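Each chain is listed here by its residues.
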Amino acid sequence: MSLHDEAVLVLKGYETGGDAAQEELRDTFLEHLALHPDGMWKACGAGHLTASALVVDPERGRVLLTLHRKLRMWLQMGGHCEPGDATPAAAALREATEESGIPGLTLLPDGPVVLDRHPIPGPCHWHLDVQYAALAPSGSTERISEESLDLRWFPYDEVAKVADASVVRLMERTRAALDGGR
């Protein structure tokens, strides 16, 4: 099965928890994939799916954010899908591992935590981000990648001071998932 087909299955199975905005985004993502066979790839001028993961240390109540080199914003780890990625989850885990330098990350079960659509500079105009959460192994140490200016652990209550609303929403949904509900 292609990554495109896997993404459609993931999105069709995505549990929105009754959140109307998430339902609308899910439909937008599915419509995009229906209209664009190349909708998983950076070359798709109408936008493309990306995959990301918020790295969490629940024992210490904190998340690892990257100061993105190009955007100069504190964000979760993530990026473009690659031909070797079998699923959006695999792409998110690969990106989180590469950008955090932490081996042994594990994604929370039950698929994506949240969906996010945000504009990007041309030639492509939209990232349709399928967002997961990844648990860091106990005692793990991060290592900065070429894509980052900095990596830093932030306590949950400090994330809103450094990151935008999309990261805060991802953190809140991740905490809800960790507590057993979405």
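That block above? That's the structure.
What this report covers is the structure whose coordinates are included nearby.

Calculation criteria
Residues numbered from 1 in each chain as written. Predicted model: local features only at pLDDT ≥ 70, side-chain atom pairs only at ≥ 80, totals over all residues. Heavy atoms only, no water. Helix = DSSP H or I, 4+ residues; strand = E, 2+ residues; numbered from the N terminus. Rg over C-alpha atoms; globule rule 2.2 N^0.38 Å. Buried < 20%, exposed > 50% of the residue type's maximum accessible area, 1.4 Å probe, protein only. Areas by Shrake-Rupley, 256 points an atom, 1.4 Å probe, with all protein chains shown as cover. 1 Å grid on protein atoms, 1.4 Å probe; cavity = no way out; pocket = protein on both sides within 12 Å on 5 of 7 lines; lining within 4 Å. Points joined across faces, edges and corners; volume = space filled by probe spheres on them. Nonpolar A, V, L, I, M, F, W, Y, C, P; charged D, E, K, R; others polar. Salt bridge = Lys/Arg side-chain N within 4 Å of Asp/Glu carboxyl O. Core = buried A, V, L, I, M, F, W, Y, C linked by side-chain atoms within 4.5 Å. Contact = heavy atoms within 4.5 Å. Axes fitted to C-alpha atoms, helices over the stretch in contact; angles between N-to-C directions. Parallel < 35°, antiparallel > 145°, perpendicular 65-115°, else oblique. Left-handed = near helix turned anticlockwise from the far one by under 90°. Arc of directions from axis to C-beta. Expected span 1.5 Å × (residues − 1).

For the protein chain, the count of helices and strands is 5 helices and 8 strands. Of the regular secondary structure in the protein chain, the N- to C-terminal order runs α-α-β-β-β-β-α-β-β-β-β-α-α. By the compact-globule yardstick of 16 Å for 182 residues, the protein chain fits well, its C-alpha radius of gyration being 15 Å. For the protein chain, with 182 residues in total, the buried portion stands at 47%. Working note: accessible area of the protein chain is about 8900 Å², and carbon and sulfur atoms make up 53% of it.

Moving on, we come to the layout of surface pockets. Over the atoms, a rolled probe matching the size of one water molecule traces out where space is still vacant. Computed from the structure, the largest pocket encloses a volume of approximately 880 Å³. If you go around the largest pocket, you meet 35 residues; those closest to its centre are His68, Leu71, His80, Ile120 and His127. Of all the elements in the fold, those that place two or more residues in the lining of the largest pocket are strand E1 (48-57), strand E4 (77-80), helix H3 (88-100), strand E6 (114-119) and strand E7 (126-135). Residue classes in the lining of the largest pocket are distributed as 10 nonpolar, 12 polar and 13 charged.

When the charged atoms of two side chains with opposite charge come close together, those side chains can pair. Under the criterion given, the structure shown has 9 salt bridges. Among the salt bridges present, the one from Glu98 reaches Arg94, with a minimum N-O distance of 3.4 Å. In this pair, Glu98 and Arg94 both sit in helix H3, 4 residues apart, roughly one turn of the helix. Judged by its relative accessible area of 39%, Glu98 falls in the partly exposed class.

We now examine the nonpolar core. Within the largest apolar cluster, 50 residues are counted, with the highest numbers of intra-cluster contacts made by Leu11, Leu49, Val55, Val63, Leu65 and Val159. A per-element tally of this core places E1 first, with 6 residues. Setting aside residues up to four positions removed in sequence, Val159 forms contacts with Val63, Leu65, Phe154, Val167, Val168 and Met171.

Turning our attention to the packing of helix H1 (residues 3-13) against helix H2 (residues 20-35). Packing of H1 against H2 leaves a shortest axis separation of 10 Å and a crossing angle of 155°. Classified by the angle between their axes, H1 and H2 sit roughly antiparallel to one another. Judged by the twist between their axes, the crossing of H1 over H2 is left-handed. In this structure, H1 uses His4, Ala7, Val8, Leu11 and Lys12 to contact H2, whose residues at the interface are Arg26, Phe29, Leu30 and Leu33. Partitioned by chemical class, the residues of the contact of H1 with H2 number 6 nonpolar, 1 polar and 2 charged.

All of the buried residues along H1 are Leu3, His4, Ala7, Val8 and Leu11. The arc enclosing the buried residues of H1, seen along the axis, measures out at 145°, which places them on a common side. Among the structural elements, H2, E1, H3, E6 and E7 are those in contact with the buried residues of H1.

Once that is clear, we can look at helix H5 (residues 165-178). Given a rise of 1.5 Å per residue, 14 residues ought to cover 20 Å, and the 20 Å separating the end C-alpha atoms of H5 matches this to within 8%. Three or more residues of H5 are buried, namely Ser166, Val167, Val168, Leu170, Met171, Arg173, Thr174 and Ala177. Looking one or two places after H5, you find Gly180, whose phi comes out positive at around 100°.

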